[in-house]
Amino acid sequence: MTSPNRAHHLPFAANLPVTAVYDVVVIGGGSAGCTAAIQAARLGARTALIEKNGILGGTTIVASVNFPGLFHAWGKQVIAGIGWEVVAETARRGGAELPDFSVVPERHWQQQVRVNRFLFSSILDERCLDAGVALRFHELPGAVMPREDGEAGVALVITGKTGLEVLLTRTVVDATGDADVAGLMGYAREKSARLQPGTLIYELGGYDLDTVDREALAARYAAASAAGKILPTDHRSGDPPLLRELITRGGSCMHVLDIDGSTSRSRTEAELKGRQALMRVYRLLRTVPGCENLEVTYVANECGVRETWRIVGEAMVTHDTYVSGHVWPDAICHSFYPIDIHQPDSIHIDIRPLNPGVVPTIPYRALVPRGSDHLLVAGRCIAGDQAANSAYRVQATCMATGQAAGAAAALSARHSVSVRDVPLEALRTALRTHGAIVPEAEPSDDSPVRMAAGNVRQPALVSARSWVERPRSAP
Ligand SMILES: Cc1cc2nc3c(=O)[nH]c(=O)nc-3n(C[C@H](O)[C@H](O)[C@H](O)COP(=O)(O)OP(=O)(O)OC[C@H]3O[C@@H](n4cnc5c(N)ncnc54)[C@H](O)[C@@H]3O)c2cc1C
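Residue numbers restart at each chain and count upward from 1, following the sequence in its written direction. Given that this is a predicted model, residues contribute local features only at a pLDDT of at least 70 and side-chain atom pairs are listed and counted only at 80 or more, while totals for whole chains, interfaces and linings are drawn from all residues.

## Description of the overall build of the protein
- Under the scheme used here, helices are H or I runs from DSSP no shorter than 4 residues and strands are E runs no shorter than 2 residues, and both carry numbers assigned from the N terminus. Within the protein, the regular secondary structure consists of 14 helices and 18 strands.
- In this description the radius of gyration comes from C-alpha coordinates, and the expected globular size is given by 2.2 Å times residues to the power 0.38. In summary, the protein has a C-alpha radius of gyration of 23 Å against a globular reference of 23 Å for 475 residues, a match within 12%.
- Principal axes of the C-alpha set define a box for the protein whose edges measure 75 × 55 × 40 Å.
- Expressed as a percentage of its 475 residues, the buried residues of the protein come to 51%.
- Sequence-distant contacts, at least 24 apart, represent 76% of the contacts inside the protein between residues at least 6 apart. To sort residues by burial, count the other C-beta atoms lying within 10 Å of each one's C-beta; a count of 20 or more means buried, 12 or fewer means exposed, and anything in between means partly exposed. C-beta atoms are built from the backbone. Once C-beta atoms are placed from the backbone, any two residues with those atoms within 7 Å are in contact.

## Some words on the site of the ligand
- For each residue, a C-beta atom is placed from the backbone, and the residue is labelled near a molecule or strand when this atom is within 6 Å of it. Inspection of the region around the ligand gives 38 residues, with Gly-28, Gly-30, Gly-58, Gly-304 and Gly-379 positioned closest.
- Where the shell around the ligand is concerned, the elements lending two or more residues are helix H1 (31–42), strand S2 (47–51), helix H2 (59–62), strand S6 (140–146) and helix H11 (395–414).
- In terms of residues, the shell around the ligand owes the most to one element, H1, which gives three residues.
- Counted by class, the shell around the ligand contains 13 nonpolar, 18 polar and seven charged residues. For this classification, the nonpolar set comprises Ala, Val, Leu, Ile, Met, Phe, Trp, Tyr, Cys and Pro, the charged set comprises Asp, Glu, Lys and Arg, and every other residue, Gly included, is treated as polar.

## Some words on helix H8 (residues 264–286)
- Multiplying 1.5 Å by the helix residue count minus one yields the expected span of that helix. An ideal rise of 1.5 Å per residue puts 33 Å on 23 residues; H8 measures up with 33 Å between its terminal C-alpha atoms.
- Among all positions of H8, only Ala-270, Gly-274, Ala-277, Leu-278, Val-281, Leu-284 and Leu-285 are buried.
- Contacts from the buried residues of H8 go to strand S10 (202–205), helix H6 (214–226), helix H7 (243–248) and strand S12 (295–299).

## What to know about the packing of H11 against helix H12 (residues 424–433)
- Orientation is described by axes fitted as lines to C-alpha atoms, over the contacting stretch for helices, and by angles from 0 to 180 degrees between their N-to-C directions. Running from N to C, H11 and H12 cross one another at 120°; their axes reach a closest spacing of 10 Å. Considered as vectors, H11 and H12 are oriented oblique to each other. Two packed elements cross with a definite hand, and for H11 against H12 that hand is right-handed. Residue-level contacts link Gln-403, Ala-404, Ala-407, Ala-408 and Leu-411 of H11 to Ala-426, Leu-427, Ala-430 and Leu-431 of H12.
- When its residues are assigned to classes, the contact of H11 with H12 shows eight nonpolar, one polar and no charged. Working rule for angles: under 35 degrees goes down as roughly parallel, over 145 as roughly antiparallel, 65 to 115 as roughly perpendicular, anything else as oblique. Helix crossings are classified by the rotation of the near helix relative to the far one: an anticlockwise turn of less than a right angle makes the crossing left-handed, while a clockwise turn makes it right-handed.

## Some remarks on H11
- The end-to-end C-alpha distance of H11 is 28 Å, a good match for the 28 Å that 20 residues give at a rise of 1.5 Å each.
- The element H11 is largely enclosed, with a buried count of 20 among its 20 residues.
- The positive-phi residue at the C-terminal boundary of H11 is Ser-416, with phi of around 50°.

## Description of the packing of H1 against helix H4 (residues 117–131)
- Relative to each other, H1 and H4 sit at 25°, their axes nearing to 8 Å. For the element pair H1 / H4, the angle class is roughly parallel. As for how H1 packs across H4, the hand of that crossing is left-handed. Residues Cys-34, Ala-37, Ile-38, Ala-41 and Arg-42 of H1 form the contact with H4, whose participating residues are Leu-124, Arg-127, Cys-128 and Ala-131.

## Examining the nonpolar core
- Leu-376, Ala-404, Ala-408 and Leu-427 are the most contacted members of the largest nonpolar core, which totals 135 residues.
- Counting residues per element, this core draws most heavily on H11, at twelve residues.
- Here this core spans two domains, since at least three of its residues come from each of domain 1 (1–193 + 306–475) and domain 2 (202–299).
- Among residues more than four places away in sequence, those in contact with Ala-404 are Ile-332, Cys-333, Tyr-364, Leu-367, Leu-427 and Leu-431. The term nonpolar core means buried Ala, Val, Leu, Ile, Met, Phe, Trp, Tyr and Cys residues held together as one set by C-beta atoms within 7 Å. Boundary definitions for the domains trace back to an automatic or database domain assignment.

## Comments concerning the pairing of strand S15 (residues 339–342)
- When DSSP finds two or more bridges between two strands, those strands count as paired. Direction of pairing for S15 relative to strand S16 (residues 349–352): antiparallel, over a ladder of four bridges. Residue pairing across strands places Ile-339 opposite Arg-352, the latter belonging to S16.
- Connecting S15 to the next strand, S16, in antiparallel fashion are six residues.

## What to know about unusual backbone geometry
- Here the bond from Gly-69 into Leu-70 is cis, since omega is -15°, no more than 30 degrees from zero.
- A cis amide bond links Asp-239 to the next residue, Pro-240, at an omega of -5°.
- You can see Pro-240 is positioned in the loop between H6 and H7.
- The residue Leu-242 is not glycine, and still its phi comes out positive at about 80°.
- Mapping Leu-242 onto the fold places it in the loop between H6 and H7.
- Not every positive phi belongs to a glycine, and Asp-258 is a case in point at roughly 55°.
- Mapped onto the secondary structure, Asp-258 falls in the loop between strand S11 (250–251) and H8.
- Accessibility expressed as a C-beta count within 10 Å gives 14 for Asp-258, which makes it partly exposed.

## Structural notes on the sheet that holds S10
- The sheet built from three strands is open, its strands ordered S11-S10-S12 with antiparallel pairing. Both outer strands of the open sheet, S11 and S12, are each paired with one neighbouring strand and no more.
- Bridge count between S10 and S11: two bridges; the pairing is antiparallel. Residue pairing across strands places Glu-203 opposite Gly-250, the latter belonging to S11.

## Comments concerning the domain arrangement of the protein
- Here the protein is described as being made up of domain 1 (1–193 + 306–475) and domain 2 (202–299).
- Across the contact, eight residues belong to domain 1 and nine residues belong to domain 2.
- Here the side of domain 1 that touches domain 2 is built from residues that sort into three nonpolar, three polar and two charged.

## A closer look at the confidence of the model for the protein
- Within a predicted model, pLDDT stands for the predictor's per-residue confidence, ranging from 0 to 100. Residues with a pLDDT of 70 or more make up 91% of the protein, whose mean pLDDT is 92.
- The low-confidence segment residues 451–462, where pLDDT is below 50, has 20 contacts with residues more than four positions distant or belonging to other chains.

## Regarding the environment of Ala-91
- With respect to the element layout, Ala-91 can be found in helix H3 (residues 81–92).
- On the basis of neighbour count, Ala-91 is assigned to the partly exposed category, with 16 C-beta atoms found within 10 Å.
- Counting along the chain gives 30 residues from Ala-91 to Ile-61, while the straight-line C-alpha distance between them is 16 Å.
- Apart from the residues within four sequence positions on either side, Ala-91 is in contact with Ala-96, Glu-97 and Leu-98.

Given below as structure tokens:
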């Protein structure tokens, strides 16, 4: 854990050009970042979305986890809003088939929606541009400093192809999946002692399953395994091993162990380890009669990373609050997924389905780094323990927390208040107006964060709707 020291001055940055001023800057264009940016822009905030890659969608697209879930629980929809709008539009254009959500499935993943990667990411582009989001690909934040123009907010030192520049913004949403911006700003974060493995997703072709010699597959596997040329974590369990990979033509099959995707260097190692594992699988399969012409027809651009940093928030989602379906007083969205911990040293997964009827909720305070005024976090890296995180990290929940962070960031910017002083009812009203499903909870105060921290109470505010609709306050 690091302690918060917020933004700090960097002498070298004094002469950098200030190239743009925004109300909200979202860093990271994955499930959480896209919904955050679209929501903030739809609420009228001048919004930029900074993404280090050249495509939107994050893990869904570049790691090919293109099966977002879960929007439905126990036969009804529990997450809607902007994320669902994009999934439904992908289906409408022929890029996804929607299962019958009125039926409670035998296995949770049966109600995930497999989306076409091109359509999904293109629809994200369209929705961002239509909302007025300034899309800034191939950029990364290098530092966060205080503003020097007398306005509240921060100055972001951004690095891109032409070097460094400075963007000014009132509010930042960290949707990097790794809480990178929270780290740059010195807010407390935590990471599990043993991180879950990653996975490189791929697709196989060039063979006819009926002609594959299964006895030879078993023999070649045994020999390769004895020689250390294939590892037990390179594939799922199967009899013989690797037959399942052939049947499913690849997919999410391997565990890449001992990786930590939170630094560029350790992330590089993860990419290399993932491709080395796939090369072992490829080499072995090509020796099996019937697979002589086997090809890797597709491989994800990045090794999928399940877990890195989580912020220390104003509240924390724990295993117990998650599995009990606790309705937080400042709940801003639902979440629905089993506890799903991938073992750090094997191919096994500890899956613990939720009890019938349980639908967990996520508190706004889990999006707020402790003590933050200008930074919100959304997606995989919101505050929670490892077990709860293994469930709420799924894409539908990331989209919902993104939309909530985007709305809160826009309201914070418009009214020039700390993210801890955004009134809960105004936030909820904004979210409902923009199609989100907000859990029914009894708010105990208009300003959930300060109250929970035992600090300042907000003065009585005009109605939530007028707060949402009130124009931006004069500087
Ligand atoms: C192998 C695997 C299987 C999974 N299975 C499922 C599943 O079945 N269903 C499901 O719903 N979820 C699943 N998940 C979980 C889910 O996909 C992720 O937790 C979720 O997509 C995370 O969304 P996010 O928006 O928080 O982060 P991401 O999608 O990772 O987005 C972060 C974005 O920020 C960008 N970025 C990162 N750092 C910076 C930076 N410093 N500056 C600028 N840009 C930056 C990245 O390029 C990326 O675009 C799986 C995950 C993995 C790895």
